[in-house]
Amino acid sequence: MDFSTELINWYHNNKRDLPWRNTTDAYIIWLSEIILQQTRVEQGMPYFYRFAERYPTVTAFAAANEDEVLRLWQGLGYYSRGRNMLKTAQLVQEKYNGVFPVKYDELIKLKGVGEYTAAAISSFSANEPRAVVDGNVYRVLARYFGIDEPINSPKGKKIFQQMANQMLNKEQPAVHNQAMMEFGAMLCKPKNPACGICPVRIGCVAFKTNATAWLPVKLKTVKIRKRFFNYMLISDGQKMLMNKRGEGDIWANMYDLPLIETPSLLDPVEVLHLPQMNVFGRNITLKDNSAIIKHILTHQHLFIRFFVLKDLPEEIPVNWFYADVNDLENLALPKPIFIFIKYFFNF
DNA sequence: AAAACGGGGAG
DNA sequence: CTCCCAGTTTT
């Protein structure tokens, strides 16, 4: 049996029952694929149900607004995915009359749809012979063929895409692609792969040379920047001063408290003489009578200190507004802001 | 070619 | 702590 057949057999006996596998509706598949970009299945699952229920069709999605989409997306990260989804839904509604495209060449033009996602949607919904290359596929191919070319270099990406194309079972591309990814996720895992029960270990270079631990090779490029955010919770206990973030930085278009970014955290005692607070809880440590949260992003470590002010200014900057605590459910908040406000207002 | 973009879970 | 997750876009 060839490689693809082995994996497909394995897949039929071991696959998880995932909701987006029970349909060929390109819209539903698109929904799942965008949500699952750089996101584990367990983390994305509740968001998939949430979006599929709220927007059963691309037409329904196209009728949404950005605030609403971002609020539904809150907590999932990489928020440009949500913003791009709305643009794409609206384009599909207008240009394609609400019929979601299924051809790779059309899909690849859509905002937020790259090579992987276009291959996934076209193969899953219409059996177009396009090989997907996601993190799982990189790993499976790198190990099976013993390829040490970095998977995140442009050269490596090209090589692995070509290999995946060559491996593709053109009789059943959809199942082949699912099998490759499921195999990578469940058996050929990053750590402690289950080589003992692997159906293709006989032909696997990494298994034969005991190289699974260091394959695939990945260039590390991440430079972590430290940033210091001083947030002002200006509130009378019922409403608080907020504004909407712009684009060009993290959390684009989400709602934010007044923010002072400084080279290091402001000292609450010396710099400000504010009503002191007594806050502690999840991810919050008490220091110098103000709350500090360390929030970790891929390229940034945020050190966040919250100050509480009880005097509400009458004159506030343009575009700022007072948000009632009961209206927060309609506002997309960055995770650390949400955690703090949730604690502070005790909901 | 490199950097930016979230948040969470596993080891 | 490090690595990685059904990647894409921007610089």
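Predicted, not measured: the structure shown is a model, and the values here were computed from it.

Some thoughts on the protein's contact with DNA strand C
Link 1 in the chain: Of all residues adjacent to DNA strand C, which total 27 residues, the nearest are Trp20, Gly112, Gly114, Asp134 and Arg139.
Link 2 in the chain: Of what DNA strand C places within 4 Å of the protein, 68% of the atoms are sugar or phosphate.
Link 3 in the chain: The side chain of Glu33 places a nitrogen or oxygen atom 3.1 Å from a base nitrogen of DNA strand C.
Link 4 in the chain: Within the contact set of DNA strand C, a phosphate oxygen lies 3.4 Å away from a side-chain nitrogen or oxygen of Asn136.
Link 5 in the chain: Those elements that place two or more of their residues in the surface near DNA strand C are helix H2 (26-36), helix H8 (115-126), helix H9 (135-145) and helix H11 (173-186).
Link 6 in the chain: For the surface near DNA strand C, the residue count by class is nine nonpolar, nine polar and nine charged.

Comments concerning the protein's contact with DNA strand B
Link 1 in the chain: Close contacts around DNA strand B come from 22 residues, with Pro154, His295, Thr298, Gln300 and Lys335 the closest.
Link 2 in the chain: The contact atoms of DNA strand B, taken as those within 4 Å of the protein, divide so that sugar and phosphate hold 60%.
Link 3 in the chain: Between DNA strand B and Trp251, the relevant distance is 3.0 Å, taken from a phosphate oxygen to a main-chain nitrogen or oxygen of the residue.
Link 4 in the chain: His299 is positioned such that a nitrogen or oxygen atom in its side chain is 3.5 Å from a base nitrogen of DNA strand B.
Link 5 in the chain: Of the residues in the surface near DNA strand B, the class split is seven nonpolar, ten polar and five charged.

Thoughts on the pairing of strand E7 (residues 300-309)
Link 1 in the chain: Summarising burial for E7: nine of the ten residues are buried, a large majority.
Link 2 in the chain: The sheet contact formed by strand E1 (residues 225-234) and E7 spans ten bridges and is parallel. Across the sheet, residue Tyr231 finds its bridge partner in E7, namely Phe306.

Re the packing of H9 against H11
Link 1 in the chain: Where H9 meets H11, the axes come as close as 8 Å, and the angle between the chain directions of the two elements is 80 degrees. Judged on the interaxial angle alone, H11 and H9 are roughly perpendicular. Contact residues: Asn136, Val137, Arg139, Val140 and Leu141 in H9; Met180, Met181, Phe183, Gly184 and Ala185 in H11.

A look at the UniProt feature "domain: HhH-GPD" (unreviewed entry) in chain A
Link 1 in the chain: The positions UniProt marks with the feature "domain: HhH-GPD" (unreviewed entry) are residues 35-186.
Link 2 in the chain: Counted over residues 35-186, helix gives 66% and strand 0%. Its end C-alpha atoms are 19 Å apart.

Some remarks on the environment of Pro150
Link 1 in the chain: Following the sequence through the fold, Pro150 ends up in the loop between H9 and helix H10 (154-167).
Link 2 in the chain: Along the backbone, Pro150 and Gly203 are 53 residues apart, and their C-alpha atoms lie at a distance of 22 Å.
Link 3 in the chain: Filtering out sequence-adjacent residues up to four positions away, Pro150 remains in contact with Gly156, Val217 and Leu219.

Considering the side chain of Asp134
Link 1 in the chain: Residue placement: Asp134 occurs in the loop between H8 and H9.
Link 2 in the chain: Although buried, Asp134 forms no salt bridge, and the nearest oppositely charged side chain, Arg139, lies 7.2 Å from it.
Link 3 in the chain: Side chain to side chain, Asp134 and Asn136 meet in a polar contact 2.9 Å long.
Link 4 in the chain: Excluding residues within four positions of it along the chain, Asp134 makes contact with Tyr116 and Met181.

Concerning the sheet that holds strand E8 (residues 321-324)
Link 1 in the chain: Here three strands make up an open sheet; going across it, the order is E3-E2-E8 and the pairing antiparallel. Two strands lie at the open edges of the sheet, namely strand E3 (255-256) and E8, each paired on one side alone.
Link 2 in the chain: Relative to E3, strand E2 (residues 239-244) runs antiparallel, the two being bridged by two bridges. Along E3, the bridge assignment pairs Asn243 with Asp256.

Structural notes on the nonpolar core
Proteins that are soluble and globular tend to have nonpolar side chains buried together.
Link 1 in the chain: Grouped together as the largest cluster of nonpolar side chains are 102 residues, with contacts concentrated most on Trp30 and Phe61.
Link 2 in the chain: Here this core gets nine residues from one element, more than from any other, and that element is H2.
Link 3 in the chain: Those residues in contact with Phe61 that sit more than four places away from it in its chain are Tyr27, Trp30, Leu31, Phe51, Tyr55, Val69, Met85, Leu86 and Ala89.
Link 4 in the chain: Core analysis: the second largest hydrophobic core is formed by five residues, Ile234, Leu241, Leu266 and Phe307 among them.

Calculation criteria
- Residues numbered from 1 in each chain as written.
- Chains lettered and ligands numbered in written order.
- Predicted model: local features only at pLDDT ≥ 70, side-chain atom pairs only at ≥ 80, totals over all residues.
- Heavy atoms only, no water.
- Near = heavy atom within 4 Å.
- Polar contact = N/O pair within 3.5 Å; in protein donor to acceptor, adjacent residues only side chain to side chain.
- Helix = DSSP H or I, 4+ residues; strand = E, 2+ residues; numbered from the N terminus.
- Nonpolar A, V, L, I, M, F, W, Y, C, P; charged D, E, K, R; others polar.
- Buried < 20%, exposed > 50% of the residue type's maximum accessible area, 1.4 Å probe, protein only.
- Pairing = 2+ DSSP bridges.
- Axes fitted to C-alpha atoms, helices over the stretch in contact; angles between N-to-C directions.
- Parallel < 35°, antiparallel > 145°, perpendicular 65-115°, else oblique.
- Contact = heavy atoms within 4.5 Å.
- UniProt positions renumbered as here; feature names shortened; annotations may be inferred.
- Lys, Arg positive; Asp, Glu negative; His and termini not counted.
- Salt bridge = Lys/Arg side-chain N within 4 Å of Asp/Glu carboxyl O.
- Core = buried A, V, L, I, M, F, W, Y, C linked by side-chain atoms within 4.5 Å.

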